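# Residue-level structural notes
The chain contents come next:
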Amino acid sequence: VQAGCDNACSGHGCCGQMGVCECFDNWGLGLSHLSGDCSERICPFELAWVDTPDSVGNHHKYAECANKGICNRATGECECFPGYEGKGCQRTTCPNDCSGHGRCKYIEDLPYAQVAQDYQQNYFLPQDPHTFTYYGWDAYKTRGCEWDPGYGD
């Protein structure tokens, strides 16, 4: 015997066994694909910027809007908190968009030794910047400004 599903799964899912909607991708009620009437959108999940470690110490699990935004259930898009942007609030913004005097780059692509003294001692050449290999969990999430010569913090 198959029971009917609430609201015919809102047209965004199929009625499964026991009268429970099996929602199509990105549809559900809250965070569940297998509950409710499939009337709300689910936002993108990305590695969480902040979360609580589980019992074995795993952290930075996938979270809706990376725990740095609020899901707009009508559109299925994240409304990111200030300082975060992208699909699912996946990356940081650059301060004041680098004020028009630099380029926003991911942390592993930022050259180092970019202070006036390094230029004066000819240690740092703009045509041959030094970078480093960054293996942190936020490698393609954290960004900063690579300033044009003469500009900076």
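This text follows the structure it describes.
On a predicted model such as this, the values are computed, not experimentally measured, just so you know. Per chain, residue numbering runs from 1 following the sequence as it is written. Only residues with pLDDT of 70 or above have their local features reported here, since the model is predicted, and side-chain atom pairs are shown and tallied only from 80 upward, although totals for entire chains, interfaces and linings are computed over all residues. Only hydrogens and water are set aside; all other atoms, that is, all heavy atoms of the structure, feed into the side-chain values.

## Notes on the pairing of strand E8 (residues 77-80)
By this definition, two strands are paired if DSSP reports at least two bridges between them. Helix and strand labels come from DSSP, where a helix needs a run of H or I of at least four residues and a strand needs a run of E of at least two; each type is numbered from the N terminus. Note: strand E7 (residues 69-72) against E8, four bridges, orientation antiparallel. Each bridged residue has a counterpart across the sheet, and for Asn72 the counterpart in E8 is Glu77. Joining the antiparallel neighbours E7 and E8 is a turn of four residues, in which Gly76 adopts a positive phi near 75°.

## Quick notes on the side chain of Asp37
Relative to the helices and strands, Asp37 is located in the loop between strand E3 (27-28) and strand E4 (40-41). Within the buried core, Asp37 has no salt-bridge partner, and the shortest N-O distance to an opposite charge, that of Arg73, equals 11 Å. Polar contact is the term for a pair of N or O atoms within 3.5 Å; when the atoms are in protein, one must be able to donate a hydrogen and the other to accept it, and sequence-neighboring residues count only if both atoms are side-chain atoms. Polar side-chain contacts of Asp37 include one of 2.6 Å to the side chain of Ser39. Here a residue-residue contact requires only that any non-hydrogen atoms of the pair lie within 4.5 Å. Ignoring anything within four residues of it in the chain, the contact list for Asp37 reads Asp6, Asn7, Cys9, Ser10, Cys21 and Leu29. The classification of residues rests on relative accessible area computed with a 1.4 Å probe and restricted to protein chains. Under 20% of the type maximum is buried, over 50% is exposed, and intermediate values are partly exposed. Charge assignment in this entry is limited to Lys and Arg as positive and Asp and Glu as negative, and neither His nor the chain termini are counted. A side-chain nitrogen of Lys or Arg and a carboxyl oxygen of Asp or Glu constitute a salt bridge if their distance falls within 4 Å.

## Some words on unusual backbone geometry
Backbone geometry at Asn26 places phi at a positive 70°, although glycine is not the residue there. Tracing the backbone through its elements, the reader meets Asn26 in the loop between strand E2 (21-23) and E3. One non-glycine residue, Asn96, lies in positive phi territory at about 50°. A residue is classified by how much of its surface remains accessible, and Asn96, at 64% relative accessible area, is exposed.

## Focus: the nonpolar core
Within this scheme, the nonpolar core is defined by two criteria: the residues are buried Ala, Val, Leu, Ile, Met, Phe, Trp, Tyr or Cys, and they are joined through side-chain atoms within 4.5 Å. Grouped together as the largest cluster of nonpolar side chains are six residues: Cys5, Cys9, Cys21, Cys23, Trp27 and Cys38. Dropping the residues within four chain positions of it, Cys38 is found in contact with Cys9, Ser10, His12, Gly13, Cys21, Glu22, Cys23, Trp27 and Gly28. Cys43, Cys71, Cys78 and Cys89 belong to the second largest nonpolar core, which has five residues in total.

## Description of the pattern of salt bridges
Taken as a whole, this structure holds eight salt bridges when the rule is applied. Across the salt bridge formed by Lys105 and Glu146, the nearest N and O atoms sit 2.7 Å from each other. Taken together, the residues span a long stretch of sequence, with Lys105 in strand E11 (residues 102-106) and Glu146 in strand E12 (residues 143-147) at a distance of 41 residues. Under the relative-accessibility criterion, Lys105 is labelled partly exposed at 25%. Look at Glu146 and you get buried, because its relative accessible area is 8%. Several salt bridges converge on common partners, so that one network encompasses Arg103, Lys105, Glu146 and Asp148.

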